[in-house]
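Listed below are the residues making up each chain.
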Amino acid sequence: MTNFLEKSLRAEKIEENLIKSLMRILKENKLPRLVDLMIQASPSFKDDEIKQRINGTLVVLKFCCGNKEYLIDSLNGGQSVREERFGIKWELPVRIAYGIICDLENGMDVFNPSANDVRNSVLFKQTVKRYVPEGMSSGEFNKISDKLVEDVIANTELAPEKDEKPFREWSEEEIIANLHPMLKERCKEARKFNSSVVLDYYETLSEVVKAFPDKKVWKKKSWSERQHIVQELRFIGLRGCVQIEEDYLKLSL
């Protein structure tokens, strides 16, 4: 599997999980367990009025459609912007929505988190470690914020850690070393302009050359058949596919 394909499949899986999770939250009209743990962790969120503000996160999630930039703009825009968009002036529900989406994009199970999920949660960083309990100074709170997180972990039954191979992005040298020999020098020259896009492109072209050493076979296949054989073609984009075909047919195989 190429680096480009691994990145693309991972991104596709995360996007699917993000959409499914947001749909589940809105369908059940209930915030995920990670938010319950957030409330447990900090004395800042025990008041009934604050819990009511937290429930406003459901409204924010409904209108933001998973768009983090929209949420950041809503935070920076102030109360008037939040009231216009969500009918809510408070910053807290917007921060919670932002944290949930970030955690989903990081592959976390917000409904059944593990201890490491809680430790690494953007939601917790945006809330538990940000909102200082009434009557306490920021300096005092900074000293105990990590302890609050560890206490909730110690006192809660959490999901077992996932036994997954961590994603590791390949270095440019590794990617080029894995290319078809006739493309290595071309890629080295071209990557000076836009490394990430160029490397993705040449990995895909390389897989096409490896899979179709005979151009006659390529010409007989439909695009769906080609994408089934070279999965990278699913993610390279329409413009990239057109360029791939042009460059491939020009090569002297």
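Residues numbered from 1 in each chain as written. Predicted model: local features only at pLDDT ≥ 70, side-chain atom pairs only at ≥ 80, totals over all residues. Heavy atoms only, no water.

The next thing to look at is the packing of helix 1 (residues 3–28) against helix 4 (residues 57–64). Orientation of helix 1 relative to helix 4, taken along the N-to-C sense of each, is 130°, at an axis distance of 10 Å. Classified by the interaxial angle, the pair formed by helix 1 and helix 4 is oblique. Here helix 1 and helix 4 pass one another in a crossing that is left-handed. When helix 1 is examined against helix 4, the residues Leu22, Ile25 and Leu26 are found in contact with a partner set consisting of Leu58, Leu61 and Lys62. (Axes fitted to C-alpha atoms, helices over the stretch in contact; angles between N-to-C directions. Helix = DSSP H or I, 4+ residues; strand = E, 2+ residues; numbered from the N terminus. Parallel < 35°, antiparallel > 145°, perpendicular 65-115°, else oblique. Left-handed = near helix turned anticlockwise from the far one by under 90°. Contact = heavy atoms within 4.5 Å.)

This next bit is on helix 4. Within the span of helix 4, buried status applies to Thr57, Leu58, Val60, Leu61 and Cys64. Looking down the long axis of helix 4, one finds its buried residues gathered within 160° of arc, a one-sided arrangement. In this fold, the buried residues of helix 4 make contact with helix 1, helix 3 (48–55), helix 5 (68–77), helix 6 (79–86) and helix 7 (92–105). (Buried < 20%, exposed > 50% of the residue type's maximum accessible area, 1.4 Å probe, protein only. Arc of directions from axis to C-beta.)

Positionally, Ser21 belongs in helix 1. Of note is the side chain of Ser21, whose polar atom sits 2.8 Å from the backbone oxygen of Asn17. (Polar contact = N/O pair within 3.5 Å; in protein donor to acceptor, adjacent residues only side chain to side chain.)

Val35, Met38, Ile54, Leu61, Leu71 and Phe124 are the most contacted members of the largest nonpolar core, which totals 42 residues. Among the elements that take part in this core, helix 7 stands out by supplying nine residues, more than any other. Aside from chain neighbours lying at most four places away, what touches Met38 is Phe45, Ile54, Ile96, Leu123, Phe124, Thr127 and Val128. (Core = buried A, V, L, I, M, F, W, Y, C linked by side-chain atoms within 4.5 Å.)

The subject of this paragraph is the packing of helix 1 against helix 13 (residues 195–211). Where helix 1 contacts helix 13, the two axes come as close as 8 Å, and the packing angle between them is 105°. In terms of orientation, helix 1 lies roughly perpendicular with respect to helix 13. For the pair helix 1 and helix 13, the contacting residues are Asn3, Phe4 and Lys7 in the first and Ser196, Asp200, Glu203 and Thr204 in the second.

The next thing to look at is the environment of Pro43. Looking at where Pro43 falls in the secondary structure, it is placed in the loop between helix 2 (33–41) and helix 3. Among the residues examined, Pro43 registers a relative accessible area of 47% and is labelled partly exposed. Beyond its immediate chain neighbours, meaning those up to four positions away, Pro43 contacts Pro133 and Leu148.

A few words now on the environment of Ser8. Its location among the elements puts Ser8 in helix 1. Residue classification places Ser8 among the buried positions, given a relative accessible area of 11%. Separated by 234 residues in sequence, Ser8 and Val242 place their C-alpha atoms 19 Å apart.

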